[in-house]
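Here is what each chain is made of, one letter per residue.
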Amino acid sequence: MSPHHSHTRSTLPVAGEDHARLTIDLSALADNWRAMARRSGAARTAAVLKADGYGIGLEHAGRTFHHAGARDFFVATPAEGATLRAILPDVRIYVLSGMWAGSERLFFEFDLVPVIVSEEQLVVFMAAVSDGRDHPCVLHVDTGMNRLGLRVEDALALAGDAARPASFAPIMLLSHLACADEPAHPLNRQQLQRFRNVVAAFDDIDASLANSAGIFLGEDYHFTLTRPGIALYGGSAVKGATNPMKPVVTAEARILQVREAKAGESVSYGATPLARDSRIAIAAIGYADGYMRTLGAGVPLRAAGIPGASGVLHGRTVPLIGRVTMDLTHFDVTDLPPGSVRAGDFIELFGRAMPIQDVARAAGTVDYELLTSLGNRYERRYETAKK
């Protein structure tokens, strides 16, 4: 039997080579921050660095944004803030999860600004500064998301409280939009008005409402500081709109083997049937790498008529077939020229040729989850930002 008709056509690549890689375009990352800064008009533009810089590496992202002009940064935890402070000594770092008992030392030692998210945290902060320590904070106001923050009425009462300690003097008010990715949603205007009411009640301090999608809502939402996140990393911020951001992350996986199978045979767990004679490329990627199981066949999304994911191989789109497994995924390469796909080739999972929002849609999720779920088995390659 000739190699062309062999059931197993090729073997594993050279031992020791990486099976999956991320190419991270720091030039695109910087350009995306500059684009969001232009859209923010007169407002300063921060950069959000949660979840290890949305999966690309907090330190690389932080340095790139700083070089592009960012001087305000948001992280989720004080540990992230401490890591960022070690590389950026001259910036303001806000911690979105706030201050709680036991974490005070990190805020003072690394000059981190807590975002106070509750009455309980306000008590912790006031106790921490009761010795006369002068330390900035931000007050989070819940204007309609019902997640974190003081209720509007409580924030207004605090603003008008004559007995409010002088040591509690927030440098900024912050709120978060629940539906900014749907520009016509009525809650956007409601939250805007509620936030304006609170801002008017406090002295002349900074205010921040707009995330990535909020920036696209226009000048009314910008206030004095915007805080883009997903758009900086190339993600789509607004539903149903063309994504104007440059792709930052390209994820690729090595083809370990190319197989031939007959119509009526099946692939992967659950035995997804093949409707035709097929050539199948087995890629070294799976849900252990954040390439989600919901991307493949055999999940409710497919039954609902939502198509599965595809990859790009040698400039051609090839569909994922069967179920995604922990370490391996099948792609149908039947329509590519025979012999054009070989073990050792790399298939793009998302990035420059395969938009990340399309892959997220196939998984029934959002760009954020794909980026922040990237595992530690990828080889990360950074393309240097332009000067």
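Residues numbered from 1 in each chain as written. Predicted model: local features only at pLDDT ≥ 70, side-chain atom pairs only at ≥ 80, totals over all residues. Heavy atoms only, no water.

> Teacher, can you tell me more about the side chain of Thr 325 here?
On the secondary structure map, Thr 325 appears in the loop between strand S17 (316-321) and strand S18 (329-332). Within the local environment of Thr 325, its side chain forms a polar contact with the backbone oxygen of Leu 328, the two atoms lying 2.7 Å apart. Leave out the neighbours within four places in its chain, and Thr 325 touches Ser 268, Tyr 269, Ile 285, Gly 286 and Tyr 287. (Helix = DSSP H or I, 4+ residues; strand = E, 2+ residues; numbered from the N terminus. Polar contact = N/O pair within 3.5 Å; in protein donor to acceptor, adjacent residues only side chain to side chain. Contact = heavy atoms within 4.5 Å.)

> I tried to follow helix H7 (residues 152-159) on my own but got confused; where do I start?
Residues three or four positions apart in an α-helix share a direction because the helix packs 3.6 residues into each turn. Here H7 has its buried residues at Val 152, Ala 155, Leu 158 and Ala 159. Burial along H7 is one-sided: seen end-on, the buried residues are contained in an arc of 125°. In this structure, the buried residues of H7 make contact with helix H6 (119-128), strand S7 (138-142), strand S8 (150-151) and helix H8 (186-201). (Buried < 20%, exposed > 50% of the residue type's maximum accessible area, 1.4 Å probe, protein only. Arc of directions from axis to C-beta.)

> Just to check I follow, could you spell out a negative patch on the surface for this structure?
Where like charges cluster on the molecular surface, the negative patch consists of Glu 119, Glu 120, Glu 153 and Asp 154. For the negative patch, the secondary structure elements donating two or more residues are H6 and H7. You can call Glu 119 partly exposed: its relative accessible area is 41%. (Patch = residues over 30% accessible without salt bridge, like charges linked within 9 Å, V, L, I, M, F, W, Y side chains within 5 Å. Areas by Shrake-Rupley, 256 points an atom, 1.4 Å probe, with all protein chains shown as cover. Salt bridge = Lys/Arg side-chain N within 4 Å of Asp/Glu carboxyl O. Lys, Arg positive; Asp, Glu negative; His and termini not counted. Charge placed at Lys NZ, Arg CZ, Asp CG, Glu CD.)

> Please clarify how the side chain of Thr 365 should be interpreted in this entry.
Within the element layout of this structure, Thr 365 appears in the loop between helix H11 (356-363) and helix H12 (367-372). A distance of 2.3 Å separates the side chain of Thr 365 from the side chain of Glu 369, its partner in a polar contact.

> For this particular structure, what's the right way to read the nonpolar core?
One recurring pattern in soluble globular proteins: nonpolar side chains tend to sit buried together. In this structure, Phe 65, Tyr 233 and Tyr 291 are the most contacted members of the largest nonpolar core, which totals 114 residues. Per-element accounting of this core gives the leading share, 8 residues, to helix H1 (residues 26-39). The residues touching Tyr 291, leaving out its near neighbours within four places in the chain, are Ile 285, Gly 286, Ala 309, Ser 310, Leu 320, Val 324, Thr 329, Phe 331, Leu 349 and Val 359. Ranked by size, the runner-up nonpolar core spans 6 residues in total, among them Ala 261, Val 267, Ile 280 and Ile 321. (Core = buried A, V, L, I, M, F, W, Y, C linked by side-chain atoms within 4.5 Å.)

> It is not clear to me how the packing of helix H3 (residues 58-68) against helix H4 (residues 78-87) should be interpreted in this structure. Could you clarify?
Running from N to C, H3 and H4 point in directions that differ by 50°, and their axes come no closer than 10 Å. Classed by the angle they form, the pair H3 and H4 counts as oblique. Of the two elements, H3 crosses H4, and the hand of that crossing is right-handed. For the pair H3 and H4, contact is made by Leu 58, Glu 59, Gly 62 and Arg 63 and by Glu 80, Thr 83, Leu 84 and Ile 87, respectively. Partitioned by chemical class, the residues of the contact of H3 with H4 number 3 nonpolar, 2 polar and 3 charged. (Axes fitted to C-alpha atoms, helices over the stretch in contact; angles between N-to-C directions. Parallel < 35°, antiparallel > 145°, perpendicular 65-115°, else oblique. Left-handed = near helix turned anticlockwise from the far one by under 90°. Nonpolar A, V, L, I, M, F, W, Y, C, P; charged D, E, K, R; others polar.)

> I'm lost on the environment of Val 152 in this one. Help?
Along the chain, Val 152 turns up in helix H7. Overall, the relative accessible area of 15% leaves Val 152 in the buried class. With 47 residues separating them in the primary sequence, Val 152 and Val 199 have C-alpha atoms 10 Å apart. For Val 152, the contacting residues outside a window of four places in its chain are Val 141, Asp 142, Thr 143, Arg 194 and Val 198.

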